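# Fold and geometry: a report
Chain by chain, the residues run as shown.
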Amino acid sequence: MVAMEFGCKILMLFSMLVLGKAEVYIVRVEGEPVISYKGGVDGFEATVVESDEKMDVNSEKVTSYSRYLEKKHDMLLGMLFDRGTYKKLYSYRHLINGFAVHISPEQAEILGRAPGVKSVERDWKVRRLTTHTPQFLGLPTGVWPTGGGFDKAGENIVIGFVDSGIYPHHPSFATYNEEPYGPLPKYKGKCEVDPDTKRSFCNGKIIGAQHFAEAAIAAGVFNPEIDFASPLDGDGHGSHTAAIAAGNNGIPVRMHGYEFGKASGMAPRARVAVYKALYRLFGGFVADVVAAIEQAVHDGVDILNLSMSPNSPPATTKTTFLNPFDATLLSAVKAGVFVAQAAGNGGPFPKTLLSYSPWIASVAAAIDDRQYKNHLILGNGKILPGMGLSPATHANRTYTMVAANDVLLDSSVMKYSPSDCQRPEVLHKNLVEGNILLCGYSFNFVVGTASIKKVSETAKSLGAIGFVLAVENVSPGAKFDPVPVGVPGIVITDVSKSMELIDYYKISTARDWTGRVKSFKATGSIGDGLIPILHKSAPQVALFSARGPNIKDYSFQDADLLKPDILAPGSLIWAAWALNGTDEPNYLGEGFAMISGTSMAAPHIAGIAALIKQKHPHWSPAAIKSALMTTSTTLDRAERPIQAQVYSGSETVTLVPATPFDYGSGHVNPRAALDPGLIFDAGYEDYLGFLCTIPGINAQEIKNYTNSQCNYTLGHPSNLNTPSITISHLVGTQTVTRTVTNVAAEETFVITARMAPAVAIETNPPAMTLRPSASRKFTVTLTVRSVTGSYSFGEVLMKGSRGHRVRIPVVAMGYDRYYTGYPKDLGPSRVVHFTSEREFVHLLHEGYPMVVAFTIRGNYTKHLDKVLEEAAVEFYPHVKFMRVECPKYPGFCITRQKKEYPFIEIFYSPEQAPNQGRVADPNITKYSVKVLPFNYDLSAYGFREFFKRHGIQSSDPK
């Protein structure tokens, strides 16, 4: 008996150990999900959904087959593992066939070898991609009236939000001033009940509310006190995105006693369905997000907004279009759901997109025509520009300025970074009262441990007349958005202007021999920053907005598909906020927030798509996306080409002409999108054809993720019928085909095209007439004229006799030779300079057959040497690495090398690393390497024999 009891304890302890190191895995198994099941299992009828059709989730055949799949998941786990050693979190049955389970790595290995298991993938995290815009977009006068006015805009359309939840008590989602919302039989979602108040989260406007946190709980990061085990938004992000897309019309935006205007969603009458899968402290997990997406499609949403993306690539696929996230969304689109996803906030650098697939509308962020500016007038008459959404100090008066570091209670408080002005208790109230408090903008503001809101509260509690926040140096990741405050305040964002302020303060402030202030003589006044300035140079592509080119795999190979798709407002967007929201420290406790991100751009498109869906209820997701893209504009309000914000060499922001890699097809034009004339339609089979046409892709991998065979291809990925054309490797001449469908009255279209000089473009036929609902093909032929090493941009324009204008962007890069797939030819050698390992990896990802020659100086850069060599073995077989080490006397060693081996460049520039190559942070050092193609004629250097000795083969492909 004792032995048995001891054995049970050991078994229990073993089970605890197994679970103690367990992780969440997403498992895909053989067998069709509901959406694509064509029959074949005894006793279960086919449930397959034709492209763009809704699932009848209440039908007996769907519910029975769904239960069958779930039982199979449970049986598989039960046969492999003892009860208590695992926990199944979700069964995925409708869009993909699989489940999420909490098991140990050893169990995951066993599961991966089990019959019928396609893949076992460790879960990974997702992150958030964090009004005046209805007027800017022309909705009140040009769009809402066509559907019966704002009080009908979006009627009976359901927009699903997979986000951080919702604050249901906000007036943007209230129903007390609205016409009652009736039942909507097509929507099958449920409403959770608030565990504290026992009240439903739904009110008719909010038609569904659920939360998904099983993976977060299993990972041990979920705290119900902070994260809320309900759809309640504890972050703010979810309420904000929902209000942008579908918030009520005409809601006053009031803060600090001032009204900043009226807020409205794009489709103010649309219903809101909440699927909470993001949380305030840790973001979210793909397992929870996939479950939320599956539930949303099952419930019957029309539009799905995703202001998020995975943190990192998945482990089991290198193809961007086949990660579990995008594969699930492909099934959602097959079910007729339009998906808008934030493109990412990694701009302005190339290849930073986090939304890849053609079945998704990837949305870039624009700056609209509203700016908030302010100024500080110094006592010496100088006027310093800045940013401050605040009232002015009293007119015709100046006030003494006192620096926080000069009004400390005692020197011991220096450990609290008093210049941040976050702690009023460490400052001398008698010295601050009635004066302007001068503070410093430190890195704490970037990481969120300090906020402008807190500076304002400090100034107010000490009786200051206002505050000035001086930026003395720009930290990486700093962004200067105007923040509404209740007292006069301004942030001097220009470092040179901040230095002028500090110099004036120093000169004007008398001190004794110890440095203590004897008298404060610096004076100033703060202007009125509450009135926005409207400018005609809008829209512009926001600095943070992710840029193309799109990539087809996680080795960063360019894809023959344009991304982003479209540009929408995403900078300084006013919308609802959760009172307990913590995503932005400057808006703690506030009912509204003005924030920026492609997270804000995506719901603009989701809301506008709802308006299109309302007018054209039978259109496919591809048709809606086509209408948005082909009617967009590439011109700003002043009729000039749209510009994009980028960094100049000195890390200051400047403007350059934007390209399709910045804005896709252009900036959204909602009025035109309701009546596009022609559409470029595509469905599930077309997307499968696209996947099956990608060079080098594994057909079995496609089958694993889509449950479909590669029965046909498109000949070339660029033949997918999208409203854009991209050829990443154009050699000689290539012809692509597009099919358009007329969604208006009979009309004749004249087709013209233009392209940058390096690539010639022709279209055929030159004109065509289409009857209502008729479809016609046309071809676009691109020919390389000259090889420039960069992309060429152009467009195809179809002008209709009834006034429709249909435009699609064209993108191509020309090459001399064509290699089947990768790698590709580089041409003459070149020296490439870069400032981070990431930039160098991008160079490797370009796929050139090349030798990378570099010098290692001592032991301090061995880490990068290791990175390069490991990468070469796994990812870059087309790259040969030539290394010469200089462990001692690097200066002499490199000088000698440059004489003996002129093809080798110094690994990093001496002026950036004066101490023999020792650098504190290798990621901020300027590097340079010389890149030599395999087929480069080295005889000019006399080193062909040298390469032979070192096993580096030279070739000259024809």
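Described in the following lines is the structure provided in the data block. (Residues numbered from 1 in each chain as written. Predicted model: local features only at pLDDT ≥ 70, side-chain atom pairs only at ≥ 80, totals over all residues. Heavy atoms only, no water.)

Next up on the list: the packing of helix α8 (residues 237-246) against helix α15 (residues 598-615). The geometry of α8 relative to α15 is characterised by a closest axis approach of 7 Å and an angle of 35 degrees between their N-to-C directions. At the point where α8 passes α15, the crossing takes the right-handed sense. The residues of α15 that touch α8, namely those facing H237, H240, T241, I244 and A245, are S599, M600, P603, H604 and G607. Broken down by class, the residue content of the contact of α8 with α15 amounts to four nonpolar, six polar and no charged. (Axes fitted to C-alpha atoms, helices over the stretch in contact; angles between N-to-C directions. Helix = DSSP H or I, 4+ residues; strand = E, 2+ residues; numbered from the N terminus. Left-handed = near helix turned anticlockwise from the far one by under 90°. Contact = heavy atoms within 4.5 Å. Nonpolar A, V, L, I, M, F, W, Y, C, P; charged D, E, K, R; others polar.)

To continue, consider the nonpolar core. Ranked by internal contacts, the top residues of the largest apolar core, which has 84 residues, are V162, I293 and L304. Looking at this core, the element that brings in the most residues is helix α9 (residues 286-299), giving nine residues. Once residues lying within four places of it in the same chain are set aside, the contact partners of I293 are L95, V162, L304, L306, F325, T328 and L329. (Core = buried A, V, L, I, M, F, W, Y, C linked by side-chain atoms within 4.5 Å. Buried < 20%, exposed > 50% of the residue type's maximum accessible area, 1.4 Å probe, protein only.)

Let's shift gears to the state of the cysteines. For the coordinates displayed, the defined rule picks out three disulfides. Across the disulfide, C191 is cross-linked to C202 (sulfur-sulfur distance 1.7 Å). The sign of the -95 degrees torsion about the S-S bond sets the C191-C202 disulfide as left-handed. One end of the pair, C191, is in the loop between β6 (158-163) and β7 (206-211); the other, C202, is in the loop between β6 and β7, and 11 residues separate them in sequence. Given a relative accessible area of 28%, C191 falls into the partly exposed group. (Disulfide = S-S within 2.5 Å.)

Further remarks concern a nonpolar patch on the surface. A contiguous nonpolar surface patch, about 270 Å² in accessible area, is contributed by F349, Y647 and V653. For Y647, a relative accessible area of 31% corresponds to the partly exposed category. (Patch = residues over 30% accessible without salt bridge, like charges linked within 9 Å, V, L, I, M, F, W, Y side chains within 5 Å. Areas by Shrake-Rupley, 256 points an atom, 1.4 Å probe, with all protein chains shown as cover. Salt bridge = Lys/Arg side-chain N within 4 Å of Asp/Glu carboxyl O.)

Throughout the structure, instances matching the rule amount to 25 salt bridges. Among the salt bridges present, the one from E70 reaches K88, with a minimum N-O distance of 3.4 Å. Placement of E70 in helix α2 (residues 60-80) and of K88 in strand β2 (residues 87-92) is noted, with a sequence separation of 18 residues between them. Through salt bridges with shared partners, a single network forms among E70, D74, K88 and R93.

The subject of this paragraph is the sheet that holds strand β4 (residues 117-122). Spatial strand order, β2-β3-β1-β4: four strands in an open sheet with antiparallel pairing. Looking at the sheet topology across the chains shown, the edges are occupied by β2 and β4. Pairs of neighbouring strands in the sheet enclose a mean axial angle of 20 degrees, with direction left out of account. Taken together, the five bridges between strand β1 (residues 23-29) and β4 define a ladder with antiparallel strand orientation. Across the sheet, V29 pairs through a bridge with V117, a residue of β4. Against the sheet, helix α3 (residues 105-113) makes contact with β1, β3 (98-103) and β4, and its axis sits at roughly 150 degrees relative to β3, the strand it touches most. (Pairing = 2+ DSSP bridges.)

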